[in-house]
Amino acid sequence: MSEFATNAIRYSRSGQRGGTFVVDLRFQATLVRIRVVDQGTGYAMAPDWGVMPDVLAESGRGLALVAGLAENYGTVTEADRCTVTADLPLLDPGGRP
């Protein structure tokens with residue numbers, strides 16, 4: 001959730017004065033669905049998941065990590081908003097999915 005919220009603030013109008021974004025968490029038996037809707041229009045280009053950023057870079061790995069951990073991951077863009085969704089498996093107390 002932090003990755004999505006941070007991106008909403010950094011890369012959309014949601015981070016400007018008067019901007020907003022919505023975070024929705026839905027817990028199901030085996031997963032949590034995270035959904036963030038911001039005032040952006042999505043990415044100019046889809047990230048290339050096959051290319052990792054420079055190992056010394058301070059940023060650029062977050063969405064690749066989320067996509068790697070998520071059972072489902074997706075982005076829907078509309079004229080005035082962007083919705084990013086990820087379904088992450090819940091772990092039992094022993095750390096197993």
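Structure first, text after, so check above.
From a predicted model like this one, the values you see are computed outputs, not experimental measurements. (Residues numbered from 1 in each chain as written. Predicted model: local features only at pLDDT ≥ 70, side-chain atom pairs only at ≥ 80, totals over all residues. Heavy atoms only, no water.)

S.K.: Mind showing me how you'd approach the pairing of strand β4 (residues 82-89) here?
M.R.: The side chains of a regular strand alternate, first on one face of the sheet and then on the other. As paired strands, strand β2 (residues 31-38) and β4 are joined by 8 bridges and run antiparallel to one another. Bridge pairing links D38 to C82 in β4. Adjacent in sequence and paired antiparallel, strand β3 (residues 72-77) and β4 are bridged by 4 residues. (Pairing = 2+ DSSP bridges. Helix = DSSP H or I, 4+ residues; strand = E, 2+ residues; numbered from the N terminus.)

S.K.: Please clarify how helix α2 (residues 62-69) should be interpreted in this entry.
M.R.: Each α-helix turn comprises 3.6 residues. Residues three or four places apart therefore point the same way. The complete set of buried residues in α2 reads G62, L63 and V66. With its buried residues spanning 90 degrees around the axis, α2 presents them on a single face. Residues of α2 that are exposed and point over 90 degrees away from its buried face: L65 and G68. The inward-facing, buried residues of α2 abut α1 (2-11), β3 and β4. (Buried < 20%, exposed > 50% of the residue type's maximum accessible area, 1.4 Å probe, protein only. Arc of directions from axis to C-beta. Contact = heavy atoms within 4.5 Å.)

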